[in-house]
Amino acid sequence: MSELTTAHAPAAHGSAHGETSLGVDSRKLGIWAFLGSETMFFGALIVTYLIYKPVNAARSDAQLPHEMLGINFTALLAAILLASSLTMVLSLASIRKNDQKWFTIWLAATAGLGLCFLGGQVYEFTHLYHEGLTLSSSLLGTTFFVLTGFHGTHVAIGVAWLLSVLFRSRTLGYNVAEHMDVELVGLYWHFVDLVWVAVFTLIYLLP
Amino acid sequence: MATVERPLQRPVGIPQASAAPSGWLSWFSTVDHKKIGIMYMLSAFVFFIIGGIEALLMRIQLGTPNNTFLSPDVYNQLMTMHGTTMVFLAVMPLNVGLGNYIVPLMIGARDMAFPRMNALSIWLFILGGLMLYSSFILGGAPNAGWFAYAPLTEKGPTLSATHGMDYWILGLTLTGVASIAGAVNFIVTILNMRAPGMKINRMPLFAWAQLVTQFIVIFAFPSLTVAQVFLLFDRNFGTRFFLANEGGDPMLWLHLFWFFGHPEVYILILPVFGIVSEVLPVFSRKPIFGYAFIAYSTVAIGFLGFLVWAHHMFGTGLGPMVDAFFSGASMLIAIPTGVKIFNWIATIYRGSIQMKAAMYYALGFIAMFVIGGISGITLASPPVDLQQTDSYYVVAHFHYVLFGGAIFGIFAGTFYWFPKFTGRYLNETLGKVQFWILLIGFNLTFGPMHELGTQGMPRRIYTYEAGMGWDFWNMVQTVASFGIAIAVALFMWNMIVSLRSGQRATNDPWDGATLEWATASPPPAYNFASTPTVHSRRPLWDSKYPDLDVAHSPTTKPVKRRELAPLDLEELNRPVEPGSIHLPSPTFAPLYVAIALCVVFYGILYLSTAAIPSVIAIVVGLGFFAFGVTVWLRAADRDNASAH
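Residues numbered from 1 in each chain as written. Chains lettered and ligands numbered in written order. Predicted model: local features only at pLDDT ≥ 70, side-chain atom pairs only at ≥ 80, totals over all residues. Heavy atoms only, no water.

**Here we look at the environment of Ile216 of chain B**
Residue and element names in this part refer to chain B.
No. 1: When you line up the elements, Ile216 lands in helix 6 (residues 205-236).
No. 2: Looking at Ile216, the relative accessible area reads 2%, which means it is buried.
No. 3: Spatially, the C-alpha atoms of Ile216 and Asn507 are 34 Å apart, while their sequence positions differ by 291 residues.
No. 4: The residues contacting Ile216, other than those within four sequence positions of it, are Phe221, Pro263, Tyr266, Ile267, Leu270, Gly302 and Phe306. (Helix = DSSP H or I, 4+ residues; strand = E, 2+ residues; numbered from the N terminus. Buried < 20%, exposed > 50% of the residue type's maximum accessible area, 1.4 Å probe, protein only. Contact = heavy atoms within 4.5 Å.)

**Let's talk about the nonpolar core**
Generally speaking, soluble globular proteins have nonpolar side chains that are buried together.
No. 1: In this structure, Trp168, Phe230, Trp344, Phe365 and Trp417 of chain B are the most contacted members of the largest nonpolar core, which totals 254 residues.
No. 2: Per element, the largest residue contribution to this core is 21 residues, and it comes from helix 7 (residues 250-284) of chain B.
No. 3: Setting aside residues up to four positions removed in sequence, Phe230 of chain B forms contacts with Leu45, Thr48 and Val146 of chain A together with Thr239, Phe241, Phe242, Leu252 and Leu256 of chain B. (Core = buried A, V, L, I, M, F, W, Y, C linked by side-chain atoms within 4.5 Å.)

**Some remarks on a nonpolar patch on the surface**
No. 1: There is a patch of nonpolar side chains on the surface, built from Trp24, Leu25, Trp27 and Phe28 of chain B and spanning about 420 Å² of accessible area.
No. 2: For Trp24 of chain B, the position within the fold is in the segment before helix 1 (26-29). (Patch = residues over 30% accessible without salt bridge, like charges linked within 9 Å, V, L, I, M, F, W, Y side chains within 5 Å. Areas by Shrake-Rupley, 256 points an atom, 1.4 Å probe, with all protein chains shown as cover. Salt bridge = Lys/Arg side-chain N within 4 Å of Asp/Glu carboxyl O.)

**Considering the packing of aromatic side chains**
All names here are of chain B.
No. 1: Under the criterion given, the structure shown has 80 aromatic pairs over all chains.
No. 2: Centroid distance Phe259 to Trp309: 5.2 Å. Interplanar angle 80 degrees. Geometry classified as edge-to-face. Here Phe259, found in helix 7, pairs with Trp309, found in the loop between helix 8 (291-304) and helix 9 (320-332); they are 50 residues apart in sequence, far enough to count as distant. Like Phe259, the residue Trp309 is buried in the burial classification.
No. 3: Judged by centre distance (5.0 Å) and plane angle (85 degrees), the ring pair of Phe325 and Phe326 falls under edge-to-face.
No. 4: One residue, Lys35, lies across the ring of Trp27, its end atom 4.8 Å from the ring centre. (Phe/Tyr/Trp six-rings, centres within 6.5 Å; stacked < 30°, edge-to-face > 60°. Lys NZ or Arg CZ within 6 Å of the ring centre and 35° of its normal.)

**Observations regarding helix 6 of chain B**
Residue and element names in this part refer to chain B.
No. 1: With 32 residues, helix 6 should reach 46 Å at 1.5 Å per residue; the first-to-last C-alpha distance of 45 Å fits that figure.
No. 2: Along its length, helix 6 reaches its greatest deviation from straightness, about 30 degrees, at Ala220, and the proline Pro222 lies no more than four positions downstream.
No. 3: Counting buried positions over the 32 residues of helix 6 gives 30, a clear majority of the element.
No. 4: Positioned one or two residues after helix 6, Gly238 has a phi angle of 75 degrees, which is positive. (Expected span 1.5 Å × (residues − 1). Bend = angle between axes of the 7 residues up to and from the residue.)

**Considerations on the packing of helix 18 (residues 589-605) of chain B against helix 19 (residues 611-643) of chain B**
Residue and element names in this part refer to chain B.
No. 1: Where helix 18 meets helix 19, the closest approach of the two axes is 8 Å, and the angle between their N-to-C directions is 165 degrees. In terms of axis orientation, helix 18 runs roughly antiparallel to helix 19. Pair helix 18 / helix 19 crosses with left-handed handedness. Of the residues in helix 19, those touching helix 18 at Ala589, Pro590, Tyr592, Val593, Ile595, Ala596, Leu597, Val599, Val600, Gly603 and Ile604 are Ser614, Ala617, Ile618, Gly621, Leu622, Phe624, Phe625, Phe627, Gly628, Val629, Val631 and Trp632.
No. 2: Counted by class, the contact of helix 18 with helix 19 contains 19 nonpolar, four polar and no charged residues. (Axes fitted to C-alpha atoms, helices over the stretch in contact; angles between N-to-C directions. Parallel < 35°, antiparallel > 145°, perpendicular 65-115°, else oblique. Left-handed = near helix turned anticlockwise from the far one by under 90°. Nonpolar A, V, L, I, M, F, W, Y, C, P; charged D, E, K, R; others polar.)

Next comes the structure, spelled out in structure tokens:
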């Protein structure tokens, strides 16, 4: 009899835009598909870094990560970015409770921490350039700047996105039922954070 | 039973006739999947013609030994642009165009999930293609093959000195962004916007094929993008990813490129498998044989496609273990593909076959694709491959798959769905004449390449000495290639004539089975007056013939069709009060965003040679991008507000 089943349960969370076949909001499904694609993008960048790590180390004029890159400052940056994931979670939790004040504060804090990370990365890049590690100085420079640079670009896009959600929250107003914009930027932000955990571990922590 | 009215799943707006751009301008602001599908198909067809002219020029050059019709450099540019055009600007967007038009209709949706993003995809595709072709005027086209092997593509006096390869990188990146945006759109549409009752195992096989294809797109394209970024940096910003004398490795290019490039082959052919799976049962008056096998073998091909990229690299000396793995994985793909072929043949078997033009092309597809598939199997064997790779045997193989396969299948789909697009039939007689000219021209052009390749004629050469035993067949091929051109010209003539005065088609001209035939030809902007409710795999057929038995698999008990609630065709096509159905309103925002990205990409392209104007272009482009996004968000918010 399953062929005759006509029942089509409405979406559990009752989206304002009507039910969907899977019961998940379409925009959320879309961002998941997009992040799947992004995973492959960063996967290729990270694999390239790992392939060239021993190649670079074997050269006579090798520039080695643990000599060129200080870990303390970057560890601080990593902590800042991790903290921004926490504030993002708190911001989403606040709007789900319709707490407009704390929603705004946590969202602004997320964007602020993201900006701090970017500022720190700019400082780190300039510092390394003066130390002699450049895009064309060695394979380490090539792979390091392209990988961290693309991650930084993603953080910058994320900050712009966060700020636009912040701005739109003043004009549109998000509430308990309508906060998909916040969820979407949150998913993207957590992804960018997760990528940094992988990048940081592979570049700075692995011997 | 009345069909269930279902709220539209998308942010929507009431079309305002006064504010909406009309006439030719409406094509620039449209967010209707059907118009976008037509734009995809027409622009891809134009690129197909251009790529074909490039092929003809190459064939003239190769027709006689020691020919001086083209210079080596021009030949290289034409060869590169022919391959790039056919893969990225012709076959892929033709499939996307058919999918864009048909898939939402097939699954009973009003539009794609993200109509504005759909418009962004078409504009990025068109602008990316134009950017690629602007290289001919602005200093020389790319000239190192569509595979762009590093270090041949590195910048250097003896290598690739012009900006041509930069155009290849950035133009294709634009179309790549379009592909990924389109893929996300298709995936969400197919997974999330099916009509009530259209469970995933009741979806038409064309929708299945598109779904798997788009999953391949989102996982394969990033690898190409990364490779292109590396090459761009190598050429312009002093990195050394692929420069062996500075520690880089050209093999990295091969791996990244073919990790994309092999799945790309399935991006090109899987939707065509879907087309054929729709056409054959309708003209055989039988249900498709082994629906589940065809669907699951599509998934299997999608998965295996990612495990076989290194079979393009046997000649590079990967070592016997690696060769063995990739050889085995490549041959495995023949299993799900063979499953499909046998299912198609079983579908025709004992059918009451109607030999319409679409059926000619579908059958031609099977025959040609089998030839290409078998030469593919021989190439998957490393010892054979080491002999044949980079010879004309490989050229024969992939033309049998991509022209004999993909293009024949796309012709089948075009003849099949043309009445739905336009309300008129394509001329059947012209179509059949075209088929025979195309079939003969095609086989005489590419068939002898098997022989030439075995005789040792290398690919990618622009001329050859007389007396190598290659003269005769090369001349035959060149003459025959004009047969293909005549066939394509005949098709264009057919389209023009049929659009003007073709025989009028009814809503359901072929006595079809799937939902797109349940609405008007051409369909109204809102597709269906009310959302259809689906009870079987062939909702329209089962509604038309309620007294026939239906069994979807040997394990389920047959039920009478009349026990299935039929589609209410009158209700689906009832006259609709204007304003009662909400549709996304037209907007120029996607066009703005696409133009902005294009400006930014031109800036990046000239960053290393003309820094100041480039930076200005990038800044202006980013500013215009922000403007485009703002207009976009306003349009979205307006639609949201009017939907509530």
